[in-house]
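Breakdown of the fold
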Amino acid sequence: MPRTINRGSVINQNQINQNHQSKNRMEPTAKAAPFTLHQKIIIAILALLQFTVILDFIIISPLGDILMKNLNMSTANFGYAVSAYAFSAGTSGLLAAGFADKFDRKKLLIFFYTGFIIGTVLCALSTSYWMLLSARIFTGLFGGVIGSVSLAIVTDLFLIQQRGRVMGFIQMAFATSQILGIPLGLYFTNLWGWHSAFLMIAVLGVLILIAIVTKMQPVNKHLELQLDKSPFLHLWHTLSNKQYQIGFAAIALLSVGGFMLQPFGSAYLVNNIGMTHEQLPLIFFFTGISVLIIMPLVGKLSDRVSKFWLFAAGSLISIVMILIYTNINPIPLWQVVAINMVMFMGIMSRMIPATTLNTGIPEMKDRGAYMAITSSLQQIAGGIAAVCAGYIVHQSTKTSPLENYNILGYVIAAVTLCSVFLIRRVAQLVKSKVAEPVLVTE
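As a starting point, this report considers the structure included with it. (Residues numbered from 1 in each chain as written. Predicted model: local features only at pLDDT ≥ 70, side-chain atom pairs only at ≥ 80, totals over all residues. Heavy atoms only, no water.)

A tally of regular secondary structure across the protein chain gives 16 helices and 2 strands. A burial count over the protein chain gives 59% of its 442 residues as buried. In the protein chain, of all internal contacts separated by at least 6 residues, the share reaching a separation of at least 24 is 84%. Accessible surface, the protein chain: about 17,900 Å² in total, of which carbon and sulfur atoms supply 69%. (Helix = DSSP H or I, 4+ residues; strand = E, 2+ residues; numbered from the N terminus. Buried < 20%, exposed > 50% of the residue type's maximum accessible area, 1.4 Å probe, protein only. Contact = heavy atoms within 4.5 Å. Areas by Shrake-Rupley, 256 points an atom, 1.4 Å probe, with all protein chains shown as cover.)

This is how it looks when you write it as structure tokens:
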């Protein structure tokens, strides 16, 4: 006899039973499904992997003041150095999207992570602005695909009732990079120069690559569901899906604020607020502590309450704190630390519910392509934002205060408000999708 199940359930009997036990997969039961040993290993590997990828990108921000002075870069040049990674990452993601569902996701991860490590080494060997710019482009070509492959792996291996907790752990990579990565990078920079910060990331990346090769099982169930023979046809079908387009727009908009605010963060703290380079590691350390505390809590809440309202609350906090942060005068260190902690708690509280909602949009056969396109558009939008920030912000001399930084705050607040409306549409779409019955046969 035919029966109905919720759309989007992973095809095995245990998970179908779990879907029947819950009235709505987006509002799961109080007792969430436990993780298997292999799932725990995957979470640890992906979290460490994201730590290196995120650190590679954000380390350029605390090094920004040093790089602009040592490599004789203007604010516009530095904006290009930041956006070069984003643009190349977005381009490679789009090119790889059509192939993302045609291969074992483990093999894809190994290939692109290897290229990412090589690019990071090239960054460490750079001795001029143009060499650094070229190295960032190379790194972005590989690093831009890693996030989408990781998200596709999470979506394949975890139920949506589990993904909030999974994303909470993985997104803790940002906090860990703030607590350990950036302070260590700055410490090595003070000892051996800024090149050593990138070498540190590359060495850690090699160790993680070994763990991926030896501990991760193949992720290839999606290969049984492929219908499009041509990768480009698969890409086109994914891009032209109107429901998918809503998710593309929503997630792309999320990155704009961070790409505008972060690149000039250290220069703003040093030249406008009066912080010293020795105080920067302390600021990043406590900021990371706050994110480390909030991320697991948000991850658990994301599996129990409305993801949209959780996102809206985080957006409200971030808007208020960004407007405060971008308009402050020189203040004591403890006040700077407190403002940064609350601000990033709000900012990162948005990421988990938004990302989790986004994973509920694509069908299994399209997940790799969907995640690759999402990541690409996010990177491209962020690259445009970084370039715009480089032209909005102005610095007369290498030691003078940054001008127009407060304008960035107003722009980011407006973009954040717009993202709330888009994520609301995503939440409605996912809720209707998982509640829609699908006829299957025994």
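Now for the pattern of salt bridges. Counted under the stated rule, the structure contains 1 salt bridge. Here Arg 136 makes a salt bridge to Asp 56, at a shortest N to O gap of 3.0 Å. With Arg 136 in helix H6 (residues 129-157) and Asp 56 in helix H2 (residues 37-58), this pair connects stretches of sequence that are 80 residues apart. Each member of the pair, Arg 136 as well as Asp 56, carries the same accessibility label: buried. (Salt bridge = Lys/Arg side-chain N within 4 Å of Asp/Glu carboxyl O.)

An ideal rise of 1.5 Å per residue puts 27 Å on 19 residues; helix H13 (residues 307-325) measures up with 27 Å between its terminal C-alpha atoms. Every buried residue of H13 is accounted for by Lys 307, Phe 308, Leu 310, Phe 311, Ala 312, Gly 314, Ser 315, Ser 318, Ile 319, Met 321, Ile 322 and Tyr 325. (Expected span 1.5 Å × (residues − 1).)

With that out of the way, let us pick up the side chain of Ser 349. Assignment of secondary structure puts Ser 349 in helix H14 (residues 333-359). Separated by 2.5 Å, the side chain of Ser 349 and the backbone oxygen of Met 345 make a polar contact. Setting aside chain neighbours within four positions, we find Ser 349 in contact with Ile 294, Val 298, Leu 310 and Gly 314. (Polar contact = N/O pair within 3.5 Å; in protein donor to acceptor, adjacent residues only side chain to side chain.)

Its location among the elements puts Pro 218 in the loop between helix H8 (195-215) and helix H9 (231-239). Classification of Pro 218 as exposed rests on a relative accessible area of 53%. In the structure, Pro 218 is positioned 114 residues away from Asp 104 in sequence and 6.4 Å away in space, judged by C-alpha atoms. Setting aside residues up to four positions removed in sequence, Pro 218 forms contacts with Asp 104 and Lys 106.

With that settled, the discussion passes to the packing of aromatic side chains. All chains considered together, the criterion is met by 12 aromatic pairs. Cluster of aromatic residues (ring-pair linked, three or more members): Phe 111, Phe 112, Phe 138 and Phe 142. (Phe/Tyr/Trp six-rings, centres within 6.5 Å; stacked < 30°, edge-to-face > 60°.)

A grouping of Leu 204, Val 206, Leu 207 and Ile 210 is seen on the molecular surface, where their side chains present a nonpolar patch of about 330 Å² in accessible area. Here Ile 210 lies in helix H8. (Patch = residues over 30% accessible without salt bridge, like charges linked within 9 Å, V, L, I, M, F, W, Y side chains within 5 Å.)

It is the contact of helix H5 (residues 105-124) with H8, at a shortest axis distance of 8 Å, that shows an interaxial angle of 160 degrees. One element, H5, and the other, H8, form an angle in the roughly antiparallel class. H5 and H8 meet at a crossing whose hand is left-handed. Contacts from Lys 106, Leu 109, Ile 110, Tyr 113, Thr 114, Ile 117, Thr 120, Val 121, Cys 123 and Ala 124 of H5 reach H8 at His 195, Phe 198, Leu 199, Ile 201, Ala 202, Gly 205, Val 206, Ile 208, Leu 209, Ile 212 and Val 213. Among the residues making up the contact of H5 with H8, the classes are represented as 16 nonpolar, 4 polar and 1 charged. (Axes fitted to C-alpha atoms, helices over the stretch in contact; angles between N-to-C directions. Parallel < 35°, antiparallel > 145°, perpendicular 65-115°, else oblique. Left-handed = near helix turned anticlockwise from the far one by under 90°. Nonpolar A, V, L, I, M, F, W, Y, C, P; charged D, E, K, R; others polar.)

Along an α-helix, a turn takes 3.6 residues, which lines up residues three or four apart on a common side. With 27 residues, H14 should cover 39 Å at 1.5 Å per step; its first-to-last C-alpha distance of 39 Å lies within 8% of that length. In terms of burial, H14 is largely enclosed, as 20 of its 27 residues are buried.

The subject of this paragraph is unusual backbone geometry. Even without glycine at this site, Asn 404 takes up a positive phi of about 70 degrees. Positionally, Asn 404 belongs in the loop between helix H15 (367-392) and helix H16 (405-435). Take Asn 404: its relative accessible area is 34%, and that puts it in the partly exposed class.

A separate point is the nonpolar core. In this structure, Leu 63, Leu 67, Leu 109, Tyr 113, Tyr 325 and Tyr 405 are the most contacted members of the largest nonpolar core, which totals 129 residues. Considering each element in turn, this core owes the most residues, 12 residues, to H6. In this structure, Tyr 113 is in contact with Leu 49, Thr 52, Val 53, Ile 146, Gly 205, Ile 208, Leu 209 and Ile 212, ignoring residues within four places of it in sequence. (Core = buried A, V, L, I, M, F, W, Y, C linked by side-chain atoms within 4.5 Å.)

This paragraph deals with the packing of H13 against H14. Where H13 meets H14, the axes come as close as 8 Å, and the angle between the chain directions of the two elements is 150 degrees. Considering the angle they form, H13 stands roughly antiparallel to H14. For the crossing formed where H13 meets H14, the hand is left-handed. Within the contact between the two elements, H13 uses Lys 307, Phe 308, Leu 310, Phe 311, Gly 314, Ser 315, Ile 317, Ser 318, Met 321, Ile 322, Ile 324 and Tyr 325 and H14 uses Ile 339, Asn 340, Val 342, Met 343, Gly 346, Ile 347, Ser 349, Arg 350, Pro 353, Ala 354, Thr 356 and Leu 357. For the contact of H13 with H14, the per-class residue count stands at 15 nonpolar, 7 polar and 2 charged.

None of the figures reported here should be taken as evidence of function without further support.
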